[in-house]
Amino acid sequence: MSGADPRVPESTDATAQLASEGGYVALSTSVNGGEWRGMVPTTQSLLDFIRDTLGLTGTKRGCEWMVCGACTVLVDGEPTYSCNMLAADADARELLTIEGVSQDGNASALQAALVRNVGIQCGYCTPGQVMSAQAFLTSHEEWDERAARTWMRGNICRCGSYAGILAAMREVFECPSRRSTTAVDT
Ligand code: FES
Ligand code: FES
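Note that the structure is predicted; figures quoted are calculated from it, not measured.

**A short note on the packing of helix α4 (residues 126-139) against helix α6 (residues 162-173)**
Moving on, step 1. Between α4 and α6, the least distance of the axes is 11 Å, while the angle of their chain directions is 35 degrees. The hand of the α4/α6 crossing is right-handed. Residues Gln129, Ala133, Phe136 and Leu137 of α4 lie in contact with α6, whose contacting residues are Ile165, Met169, Val172 and Phe173.
Moving on, step 2. Grouping the constituent residues of the contact of α4 with α6 by class yields seven nonpolar, one polar and no charged.

Set out below in structure tokens:
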């Protein structure tokens, strides 16, 4: 494995300073295509904002230390560990959580492929896997098994569903029209 993990968020000096002072800060952000504006604690993590403030509990809490990937969401299209990013740093950014991947209750192409390829067992890691895998599918032009494995290294599956996850990614990759976050008929 080489290269920095793209999921590790970068905190700005400004928000780090605010967090050290405590209190609340204004936040204006896009969540799954809708606008959200309000005040958030300066110390609140993006994970807590998503789960506790927004009630979007599809994003999972695991290690809370940038190891397991269960908390992965997309921030401006980039897979990001929400456990280690301040909510305040999401200001003026676009967030996509697992709830924004499916539409009207229909599974996305990737979600359906995960089911077909047994890339899901207990399902706890699955939301994070989907967000990271979707980002890979939309940011790569050619299938590269090694690159896919390296990309997904930050998402741990305790059930060991890795072969099924990679098979699902490849299946979707080979159908370019399906390489989007939009839901499709399965
Ligand atoms: S909960 Fe964020 S990486 Fe594990
Ligand atoms: S399916 Fe159980 S942890 Fe991944």
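**A look at the environment of Ala90**
Moving on, step 1. Within the secondary structure, Ala90 sits in the loop between β4 (78-81) and β5 (94-96).
Moving on, step 2. As a C-alpha pair, Ala90 and Met131 span 41 residues in sequence and 17 Å in three-dimensional space.
Moving on, step 3. If near-sequence neighbours (up to four positions away) are discounted, Ala90 is found in contact with Leu27, Thr29, Leu46, Val75 and Leu95.

**Focus on the packing of helix α3 (residues 109-116) against α6**
Describing two packed helices takes the angle between their axes plus the distance from one axis to the other.
Moving on, step 1. Direction vectors running N to C along α3 and α6 enclose 135 degrees, while the axes themselves pass 8 Å from each other. Accordingly, the angle class assigned to the pair α3 and α6 is oblique. Considering how the two elements wind past one another, α3 and α6 form a crossing that is right-handed. Between α3 and α6, the contacting residues are Ala109, Leu110, Ala113 and Leu114 on the first element and Ile165, Ala168, Glu171 and Val172 on the second.
Moving on, step 2. Split into classes, the residues belonging to the contact of α3 with α6 amount to seven nonpolar, no polar and one charged.

**Looking at the domain arrangement of the protein chain**
Moving on, step 1. When its domains are assigned, the protein chain resolves into domain 1 (13-100) and domain 2 (109-178).
Moving on, step 2. With 14 residues of domain 1 at the interface, the matching set in domain 2 holds 11 residues.
Moving on, step 3. The biggest single contributor to the side of domain 1 that touches domain 2 is strand β3 (residues 72-75), with three residues.
Moving on, step 4. Looking at the side of domain 1 that touches domain 2 residue by residue, the classes come out as seven nonpolar, five polar and two charged.

**So, the pairing of strand β2 (residues 34-41)**
Moving on, step 1. Judged from the eight bridges that link them, strand β1 (residues 24-31) and β2 form a sheet pairing that is antiparallel. Counterpart to Val25 in the pairing with β2 is Val40.

**Some remarks on the sheet that holds β1**
Moving on, step 1. Taken together, five strands build an open sheet; the order of strands is β2-β1-β5-β3-β4 and the sheet is mixed. Each of the sheet's edge strands pairs with one partner strand only, and the pair in question is β2 and β4. In this sheet, adjacent strand axes meet at a mean angle of 40 degrees when their direction is disregarded.
Moving on, step 2. Of the strand pairs in this sheet, β3 and β4 are connected by four bridges, and their pairing is antiparallel. Its bridge partner being in β4, Val73 is matched across the sheet by Thr80.

**Quick notes on the nonpolar core**
Moving on, step 1. Leu46, Ala87, Leu110, Ala133, Met169 and Val172 are the most contacted members of the largest nonpolar core, which has 45 residues in total.
Moving on, step 2. Mapped by element, the contributors of at least two residues to this core are β1, α2 (46-53), β3, β5, α3, α4 and α6.
Moving on, step 3. Tallying contributions element by element places α4 first for this core, with six residues.
Moving on, step 4. The residues that make up this core include at least three from each of domain 1 (13-100) and domain 2 (109-178).
Moving on, step 5. Not counting the four nearest positions on each side in its chain, Leu46 is found in contact with Ser82, Met85, Leu86, Ala87 and Ala90.

Conventions and cut-offs
- Residues numbered from 1 in each chain as written.
- Chains lettered and ligands numbered in written order.
- Predicted model: local features only at pLDDT ≥ 70, side-chain atom pairs only at ≥ 80, totals over all residues.
- Axes fitted to C-alpha atoms, helices over the stretch in contact; angles between N-to-C directions.
- Helix = DSSP H or I, 4+ residues; strand = E, 2+ residues; numbered from the N terminus.
- Left-handed = near helix turned anticlockwise from the far one by under 90°.
- Contact = placed C-beta atoms within 7 Å.
- Nonpolar A, V, L, I, M, F, W, Y, C, P; charged D, E, K, R; others polar.
- Parallel < 35°, antiparallel > 145°, perpendicular 65-115°, else oblique.
- Domains from an automatic or database assignment.
- Pairing = 2+ DSSP bridges.
- Core = buried A, V, L, I, M, F, W, Y, C linked by C-beta atoms within 7 Å.
- Buried ≥ 20, exposed ≤ 12 C-beta atoms within 10 Å, placed from the backbone.

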